[in-house]
Amino acid sequence: MTDPAVCCFLTKTICAQGGRLKLPELQQGIGLSAQQLEDTLLAAGSERFLMLRDDGGAEVLAVSAVRTCTRKECEGCEQLHLCKLHLMGKCNHGVRFCKYSHDIINAENKKVLKTHNLSSLNENELRVLLLQNDPFFLPDVCHFYNRKDGTCNQQNNCNRLHVCRHFLQGECRFFPCKRSHNLLDPHALRLLGTGGIDMSVASNIQAIYDHRHVEFNKKLKRGKIPKHEPRENVSKKPAGTRNKGLRTPQETAGSTPKLPPLKGLQLVTSFPNVGPFHGVQSIRSTLLHPAHPESHKSPQQTCSVVGPSVHGPQVLPGACSNAGNSIIHMSPPAPAWGPPQASDKKHNSSAKASNDDKEEKSDEICLFYVWKYCKHRDKCRSVHYHLPYRWQIHDGITWNDVAMMEEIEKAYCDPQTTRLASQNINFQTMTCSSSSLRRLSTPSSVTKPLFELTTKWIWYWKNDQGQWIEYGKQGEGSSVNSPSSDVIENLYLADPGATIPFQAGSQHYNLNFKEMTQTNISFKTKRQVCRRPKFVSSEEVQKIKKGQRDSSIPNQACPSYWDSSALPDLGYKAVEMSNTTSEYNVIKVMFLQTMKHYSVLKILRIQNPSLWKVFQWQKEQMKRQNGGKEVKEKLLFHGTKTSFRESICVQNFDWRTCGTNGIKYGYGSYFARDASYSHTYCEPEGKTYAMFVARVLVGEHTKGTLSYVRPPPKSSAGLQFYDSCVDNELNPSIFVVFEKHQIYPEYIIEYKEEEKACVIS
């Protein structure tokens, strides 16, 4: 029996590194021995991971059966409902005007991801997983190439894939097949690149699809698949789909393709409860709220599940006897054929309305309302309140706000406090006198790291002196750090009922979320654990909303030279700069130093307040780690494909999703001192090129090597690391940055080659 939370954490770790990771690197990130990790992966089965072995060692690929719904209009299914273009960083409509969802953590998608044990993946990691598994994201196949004669008059000029369509569906019955199964030929790679899929992702896709083909034919030979099973003709797309991409038949949220190994391949998935997590690194990314278990849906029934959210009321045992129960509403069976009867329609619409009413009564506080303004107003499913927390008492009929709310919140945030005598409140049973008490809050900070006024949850363990020690601050009896609160919070949100093994120094522990205890595996000593929020006063809330901060928090205000009329709450604005300003001329001169035969058409300043705040926060952290000394900062050039331009402006540089043009000095984002070097990686649109100028915190650097996935330690003790890697320590011209928060994409230069004058001799 595998642990879904650990399985999810493994998938998250691999997808954070581009969907494929060498086994030793995965072992280093997870903290198991090589044998433990391999045994765990093999024991988990073949639904989630594919292990490739060759002379260079073993690599693990993330595999999943989760798929995106292709219908233009869908009344509900077991697939994700997302805007494909948004996930690829290409949607120009924005959240307000796009008819497809840009929200991967809405209630509908949370249920699907929970079913597939993918609750903690953020948007970038989900993009990586879907790109290499879901045919919906592949370019269209050529119908002429897939006809009986197999000829396409356009040949290499065709803008569709010349690949066997049944191979992409995972059901080609020929071994070998007369049509191509190669996604790595020049024609296919060109089309994939146009669609935002680079060589590394294409290699992952090829490996996964090759394995599916082998597995399908093994099943065919064993008689597990009917010899004459009709195959879906994907060239005749159903009228209701919203994309011409391929769909694999019967790939729903509940289906999981079995993928036995190819020659030299092994398939792997999640962890059982074996071995500790050692050196677990916090990935501060958007985690999805886990949904409660629900019944499988069938054509004869419609279910809506309503249960308490992980981020919702903190109702502890004794406060509400049915707090952990889901309420399921089921419609009566529908006829097996024919159109739905009128009564069925009426009942279904009532059930839908009932479900909507339940969703209206969300127990999570709306971040947009706390911050400034919620466009949904009364229709918002979240609670509208002026603070990021809200305490309420139940009078037997409804929930009512309590008096002295800030006093109660401050007491609750202190792990030493179990009772507040002045209010007759017991935090352990969540009661006030004999009445039930609850706490509403904004989402956890690990789920929305770029947002203000989220709830920062802190995890504590109790030592022998009765003191509560924050995780990650000090090891038990030594200076060895345990996993941080953010790491534990990530795992808790993935599965609040899980037991998580970890290692601190030489000691191994089990952290039981359900019992809220920590057990030393060797000595069997058990300690109490608690989870409490970080206190934020109403005065601090107002300061944050006004942009004022405590002196201990870095000034994250936007630069004074930014256009104040183009400061979006989310996303970015591209502001064209006047060619008469000194700011424009500085960038232009930098560019033309090595690009003398090119002319600058325009320079755009990228104004993304969210990314700027994170960049300033990172700068302050590096400054503190550097003993208060200023961090070395540079303006550097970066060339990339036009398909990545939008996603970089919105979500920053990320080599895992924007591809890699080289790994000579490590796996990271590459920046150049000279524009001429970056120009070689720019993709023209007609005669026009575009190049980024990024503000980069290079800090202290050292020479990189091919094997680096992060900068090396400065000393053998391994407690401090370099900030970046370079090609030459004395005269660096190439900089490699592994942490995207050290980068801000500040400008885009649009330019073209000067026309050569005609010389008549």
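Quick summary incoming for the structure in this document. (Residues numbered from 1 in each chain as written. Predicted model: local features only at pLDDT ≥ 70, side-chain atom pairs only at ≥ 80, totals over all residues. Heavy atoms only, no water.)

Pairing is antiparallel across the open sheet formed by 6 strands, whose spatial order is 14-13-18-17-16-15. Lying at the two open borders of the sheet, with one neighbouring strand each, are strand 14 (468–470) and strand 15 (499–504). Mean inter-strand twist for the sheet, computed between neighbouring axes without regard to direction, equals 30°. Note: strand 15 against strand 16 (residues 507–512), 6 bridges, orientation antiparallel. Residue pairing across strands places Pro501 opposite Asn510, the latter belonging to strand 16. Helix-sheet contacts for helix 14 (residues 485–494) involve strand 13 (457–462), strand 14, strand 15, strand 16 and strand 18 (526–533), and the interaxial angle to strand 13 is about 100°. (Pairing = 2+ DSSP bridges. Helix = DSSP H or I, 4+ residues; strand = E, 2+ residues; numbered from the N terminus. Axes fitted to C-alpha atoms, helices over the stretch in contact; angles between N-to-C directions. Contact = heavy atoms within 4.5 Å.)

Glancing now at the sheet that holds strand 12 (residues 435–441). Taken together, the 6 strands give an open sheet; going across it, the order is 8-7-12-11-10-9, and neighbouring strands pair in antiparallel fashion. In this open sheet, the two strands that pair with only one neighbour each are strand 8 (399–401) and strand 9 (419–420). Relative to strand 8, strand 7 (residues 389–394) runs antiparallel, the two sharing 3 bridges. Residue pairing for strand 8: His394 is matched across the bridge by Trp399. Seen against the sheet, helix 13 (residues 405–413) touches strand 7, strand 8, strand 9, strand 10 (425–426) and strand 12 and runs at an angle of roughly 105° to strand 7.

With that settled, the discussion passes to helix 1 (residues 4–16). With 13 residues, helix 1 should reach 18 Å at 1.5 Å per residue; the first-to-last C-alpha distance of 18 Å fits that figure. Across the 13 residues of helix 1, 12 count as buried, placing the element largely inside the fold. In the segment just after helix 1, Gly18 is the residue with positive phi, at about 95°. (Expected span 1.5 Å × (residues − 1). Buried < 20%, exposed > 50% of the residue type's maximum accessible area, 1.4 Å probe, protein only.)

Proximity of charged atoms lets side chains of opposite charge pair with each other. Evaluated as defined, the whole model comprises 20 salt bridges. Lys456 serves as the salt-bridge partner of Asp486, at 3.0 Å between the closest nitrogen and oxygen. Here Asp486, found in helix 14, pairs with Lys456, found in the loop between strand 12 and strand 13; they are 30 residues apart in sequence, far enough to count as distant. Judged by relative accessible area, Asp486 falls into the buried class, the value being 10%. According to the relative accessible area criterion, Lys456 is partly exposed, its value standing at 28%. For Lys714, the salt bridge goes to Glu700, with nearest N and O atoms at 2.8 Å. (Salt bridge = Lys/Arg side-chain N within 4 Å of Asp/Glu carboxyl O.)

This part is about the packing of aromatic side chains. Throughout the structure, instances matching the rule amount to 21 aromatic pairs. Measuring from ring centre to ring centre gives 5.1 Å for Trp391 and Tyr412, while their planes differ by 80°; the resulting arrangement is edge-to-face. A residue pair is termed long-range when its members are at least 10 positions apart, and Trp391 in strand 7 and Tyr412 in helix 13 qualify at 21 residues. Three or more aromatic residues joined by ring pairs form one cluster here, namely Trp562, Trp612, Phe615 and Tyr744. Positioned above the aromatic ring of Tyr209 is the side chain of Arg212, whose terminal nitrogen or guanidinium carbon lies 4.8 Å from the ring centre. Sitting over the face of the ring of Phe721, Arg710 holds its NZ or CZ atom 3.8 Å from the ring centroid. (Phe/Tyr/Trp six-rings, centres within 6.5 Å; stacked < 30°, edge-to-face > 60°. Lys NZ or Arg CZ within 6 Å of the ring centre and 35° of its normal.)

The subject of this paragraph is unusual backbone geometry. If you check the backbone angles, Asn424 has positive phi at about 55° while not being a glycine. Among the structural elements, Asn424 can be located in the loop between strand 9 and strand 10. Its identity is not glycine, yet Met430 carries a phi of approximately 50°, on the positive side. Looking at the element boundaries, Met430 is found in the loop between strand 10 and strand 11 (431–432). On the basis of relative accessibility, which here comes to 0%, the residue Met430 falls in the buried class.

Further remarks concern the pairing of strand 26 (residues 734–737). Side chains Ile734 and Val736 of strand 26 all project onto a buried face; the interleaved residues Phe735 and Val737 project onto the opposite face, where all are buried too. In this sheet, strand 26 lies alongside strand 22 (residues 669–672) in antiparallel orientation, the contact comprising 4 bridges. Paired with Phe671 across the bridge in strand 26 is Phe735. For strand 25 (residues 724–726) and strand 26, the ladder comprises 2 bridges, and the chain directions are antiparallel. From the neighbouring strand, Cys725 faces strand 26, where its bridge partner is Val736.

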